[in-house]
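Commentary on secondary and tertiary structure
Listed here are the chains, written in short residue letters.
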Amino acid sequence: MKIWDKSPLFRIGTALAVVAALTFSLHLVRVPGTSAPDFACGNSSGTRVNIKIDAGESGSSIAQSLAAAGVVKSAQAYFRVAVGDMRSQKVAPGNHSIDVGICATQALEQLLDSARITGLINIFEGAWLSEIIPQLYTAKMSVADVASAIRNVSKPKGFTTLEGLLFPAQYSFEDGTLATPAMQSMVNRAELEMRKAGFYTSREKFTPQQLLIIASLIQAEGDTKDFAKISQVIRNRLAKGMPLQFDSTVHYVKKTRGSVFLSTQSTLINSAYNTYKRYGLPPGPINNPGADALLAAVNPVAGDWLYFITVAPSDTRFTSDINQFNNWKIEYKKNLRAGKFRSNK
């Protein structure tokens, strides 16, 4: 009589049976709908809750927050939808006002709806303080509260103006947030970004505030691809005792945007920020620069350039030869008359 349970054929057969059982079990786990309860789509309790999404937060963490707040029936339901929809990677950080008791698909749609982000403040690179303040009012912060914040926000040591210290990013604040902590979070972010860029470890003669002023000039004067060259032009002109003669500083004083041309009369305006009349750096930043401009302020590319001009959109040229610059200036004026600088919008 053969003992089958000790034979090679028996052992192989048993192993295959175990593998088949495990495979079937895993298949059941992966079948949509099994162990992932979800509310019916189209339903809502009519109640909203605030879901705070942090920058870089994972889909699984968002899923847990949604389930804990009763937005979706289970974290697994949202996570499965998020994994299958690439748009989930575009959910913006901030405080989202989301309906309770909805299906996972609806939850993702509402998270992608910027109108549901409460207290939204979007600071673009190069924004002026005067352009940011109205957004604080829109976020339901009072005029008196904002005025108090401007006076009381704590600036990093050595910085004298708030301009330049409101780091460009998208911010979202819950209803009732006061202006001082809101603006302080922007300033804290700016200090963090300046440290990352190397403002406090630079061996140059410039102070962190002067580097921020340089970054703001870089931000205003060119495209990202030219930032490092503009950074070097600033240094070269300062080293030679030449005035910077940047149109952007006059535009800052006049609060004019969208105009390429600057009249001769405008260059005579009486202001400490007018780099046509005053030598050296302006007394403070002329905007709130982004991360690329901060990095370029500390890391210029080597070159002897003293002049640069945007001859046509996306065509900025650099030279150390004044005659070459003047020839390019003729070309620029020709393109200006031809309407090449007009917006296509």
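Residues numbered from 1 in each chain as written. Predicted model: local features only at pLDDT ≥ 70, side-chain atom pairs only at ≥ 80, totals over all residues. Heavy atoms only, no water.

**Observations concerning the state of the cysteines**
One pass over the structure, following the stated rule, counts 1 disulfide. Across the disulfide, cysteine 41 is cross-linked to cysteine 103 (sulfur-sulfur distance 2.1 Å). The sign of the S-S torsion, about 100°, decides the handedness of the disulfide formed by cysteine 41 and cysteine 103: right-handed. Of the two residues, cysteine 41 sits in the loop between helix H1 (8-30) and strand S1 (48-53) while cysteine 103 sits in the loop between strand S2 (94-99) and helix H4 (104-111), which places them 62 residues apart along the sequence. (Disulfide = S-S within 2.5 Å. Helix = DSSP H or I, 4+ residues; strand = E, 2+ residues; numbered from the N terminus.)

**Considerations on the nonpolar core**
Ile121, Met141, Leu166, Phe199 and Ile218 are the most contacted members of the largest nonpolar core, which totals 55 residues. Contributions of two or more residues to this core are made by helix H5 (129-138), helix H6 (143-152), helix H7 (179-197), helix H8 (208-221), helix H9 (227-240) and helix H11 (291-298). A per-element tally of this core places H7 first, with 8 residues. Other than its neighbours up to four places away in sequence, phenylalanine 199 contacts Met194, Pro208, Leu211, Leu212, Ala215, Leu294, Ala297 and Val298. With 18 residues, the next largest nonpolar core counts Leu66, Val71, Ala82 and Ile102 among its residues. (Core = buried A, V, L, I, M, F, W, Y, C linked by side-chain atoms within 4.5 Å. Buried < 20%, exposed > 50% of the residue type's maximum accessible area, 1.4 Å probe, protein only. Contact = heavy atoms within 4.5 Å.)

**Observations concerning the packing of aromatic side chains**
Scanning the model with the defined rule gives 8 aromatic pairs in all. Pairing phenylalanine 308 with phenylalanine 318 gives two aromatic rings, centres 5.3 Å apart and planes at 20°, and the pair type is stacked. Residue phenylalanine 308 is found in strand S5 (residues 307-312), and its partner phenylalanine 318 is found in strand S6 (residues 315-319); the two are separated by 10 residues along the sequence. Residue phenylalanine 308 shares its accessibility class with phenylalanine 318, and that shared class is buried. Ring geometry for tyrosine 332 and phenylalanine 341: centres 5.6 Å apart, planes at 75°, overall edge-to-face. An aromatic cluster of three or more residues is present, and its members are Phe246, Trp305, Phe308 and Phe318. Between the NZ or CZ atom of lysine 255 and the centre of the ring of tyrosine 252, over which it lies, the distance is 3.8 Å. (Phe/Tyr/Trp six-rings, centres within 6.5 Å; stacked < 30°, edge-to-face > 60°. Lys NZ or Arg CZ within 6 Å of the ring centre and 35° of its normal.)

**Points about the environment of glycine 290**
Assignment of secondary structure puts glycine 290 in the loop between helix H10 (247-254) and H11. Counting along the chain gives 164 residues from glycine 290 to glycine 126, while the straight-line C-alpha distance between them is 7.2 Å. If we ignore the near neighbours within four places in the chain, the residues touching glycine 290 are Glu125, Phe167, Pro168 and Gln219.

**Describing the packing of H5 against H6**
Here H5 crosses H6 at 135°, and the two axes come no closer than 9 Å. By the angle between their axes, H5 is oblique relative to H6. Like other packed secondary-structure pairs, H5 and H6 cross with a definite hand, here right-handed. On H6, the residues touching Ile133, Leu136 and Tyr137 of H5 are Val143, Val146 and Ile150. Across the contact of H5 with H6, the residue classes tally to 6 nonpolar, no polar and no charged. (Axes fitted to C-alpha atoms, helices over the stretch in contact; angles between N-to-C directions. Parallel < 35°, antiparallel > 145°, perpendicular 65-115°, else oblique. Left-handed = near helix turned anticlockwise from the far one by under 90°. Nonpolar A, V, L, I, M, F, W, Y, C, P; charged D, E, K, R; others polar.)

**Brief notes about the pairing of S2**
In terms of burial, S2 is largely enclosed, as 6 of its 6 residues are buried. Relative to S2, S1 runs antiparallel, the two being bridged by 6 bridges. Of the residues in S2, the one forming a bridge with asparagine 50 is serine 97. (Pairing = 2+ DSSP bridges.)

Spatial relationships are all this shows, so hold off on functional conclusions.
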